[in-house]
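Residue strings, one per chain:
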Amino acid sequence: MAKKKKKIQETTIEDYYDLKTDKVDELVAALKDESTTLQDDINFAMNASMGVDDPANRTKRGKDKKFDPYRTDFLGKIPTWIKALFIKWWFAGVVCYFVLMPFMNDPLDATFLAGAAMGLVTDILVNPLFRFMESDSKEYNAYMMFPFPFKAAWTLFANIVYYCLVGYLVSVIVTVFVAYTPYSGTEPLSFGLFALAVDMAFIGIKDGVVALVRHIKNKKKEKALNV
């Protein structure tokens, strides 16, 4: 009887350890799966940071869709000059529609009011938008009369004065076109084009003067170094 009881106890102990061994095996397998998943996540993060596409880690992006963190969006493919000119033309047309046209009973006042509005819009909206879209090369500087990286009271005042001059010249151009062509008068599309043409003409002159001054300074530095 004692031998039988002892045998039952030994069998129970063996079963007990067998059960625990199975559990340990399951735990080890689970840890291996977790470590594999963790390693996959680490590999995916490293590949994404370096712009490398790993086909083994395309779980949520589809089998054929490649992941490229440096992919250029649609607006990034449009040339800078097209975006800059369109933005300037569009805002000038908006100013004409909301500011100039409602006050056409007094053309002179309306012209300077529209110029002041263009200066305000340029300083508050257009130039900050250019700064937001530009890269380290500052490619939008060529489309701003005052390409300063900061906003101050004097830049607002300078833009208002400058665009009052632009608005006045645009009114002269419109008067000439009305007198000598079938052009019927001011409307947003044509006003935007005239304002853009006058604005870019002044900016081109300014850029030319700046380039000439830099060229003269560089020549003087070269002469000083050679002496």
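Predicted model only: the values in this text are computed from it and were never measured.

Rules used throughout
Residues numbered from 1 in each chain as written. Predicted model: local features only at pLDDT ≥ 70, side-chain atom pairs only at ≥ 80, totals over all residues. Heavy atoms only, no water. Axes fitted to C-alpha atoms, helices over the stretch in contact; angles between N-to-C directions. Helix = DSSP H or I, 4+ residues; strand = E, 2+ residues; numbered from the N terminus. Left-handed = near helix turned anticlockwise from the far one by under 90°. Contact = heavy atoms within 4.5 Å. Nonpolar A, V, L, I, M, F, W, Y, C, P; charged D, E, K, R; others polar. Core = buried A, V, L, I, M, F, W, Y, C linked by side-chain atoms within 4.5 Å. Buried < 20%, exposed > 50% of the residue type's maximum accessible area, 1.4 Å probe, protein only. Parallel < 35°, antiparallel > 145°, perpendicular 65-115°, else oblique. Bend = angle between axes of the 7 residues up to and from the residue. pLDDT = per-residue confidence, 0-100.

### Quick look at the packing of helix α3 (residues 80-100) against helix α4 (residues 107-133)
Close contact between α3 and α4 brings their axes to 9 Å; oriented N to C, the two are set at 145 degrees. Crossing angle aside, the handedness with which α3 passes α4 is right-handed. Contacts between α3 and α4 pair A84, I87, K88, F91, A92, V95, V99 and L100 from the former with A110, T111, L113, A114, A117, M118, V121, L125, V126, L129, F130 and M133 from the latter. Among the residues making up the contact of α3 with α4, the classes are represented as 18 nonpolar, one polar and one charged.

### Some words on the nonpolar core
M118, V166, V170 and F191 are the most contacted members of the largest nonpolar core, which has 21 residues in total. When residues of this core are traced back to their parent elements, those giving at least two are α3, α4, α5 (153-180) and α6 (188-226). Apart from the residues lying within four places of it in its own chain, the contact partners of F191 are A92, C96, L100, M118, V170 and T186. Grouped together as the second largest cluster of nonpolar side chains are eight residues, A84, I87, Y143 and M144 included.

### Thoughts on the packing of α5 against α6
At a closest axis distance of 9 Å, the pairing of α5 and α6 adopts a crossing angle of 125 degrees. Taken together, the axes of α5 and α6 are oblique relative to one another. The two elements α5 and α6 meet at a crossing, and its hand is right-handed. On α6, the residues touching Y162, Y163, L165, V166, L169, V170, I173, V174 and F177 of α5 are F191, F194, A195, V198, D199, F202 and I203. In the contact of α5 with α6, the residues fall into 15 nonpolar, no polar and one charged.

### Comments concerning α4
Each α-helix turn comprises 3.6 residues. Residues three or four places apart therefore point the same way. Maximum bend of α4: about 50 degrees, positioned at T122. Within α4, the full set of buried residues consists of A110, T111, A114, G115, A117, M118, G119, T122, D123, V126, N127 and F130. If you follow the buried residues of α4, they end up packed against α3, α5 and α6.

### Digging into the environment of A84
Relative to the helices and strands, A84 is located in helix α3. A84 sits in the buried class, given a relative accessible area of 0%. Non-local contacts of A84, meaning those with residues more than four positions away in its chain, are made with F130, Y140 and Y143.

### Section: the side chain of K206
With respect to the helices, strands and loops of the structure, K206 is situated in helix α6. When its relative accessible area of 19% is taken as the criterion, K206 is described as buried. Leaving out residues up to four positions away in the same chain, K206 has contacts with N141, M144, M145 and P147.

### Topic: the confidence of the model for the protein
Mean pLDDT over the protein: 79, with 67% of residues reaching 70 or higher. Within the protein, no element has a lower average pLDDT than helix α1 (residues 2-49), which sits at 54, and none a higher one than α3, at 96. Low pLDDT, under 50, characterises residues 2-8; the predicted model gives this stretch zero contacts beyond four residues in sequence or across chains. Segment residues 57-65: pLDDT under 50, and eleven contacts once partners within four positions in sequence are set aside and those in other chains are kept.

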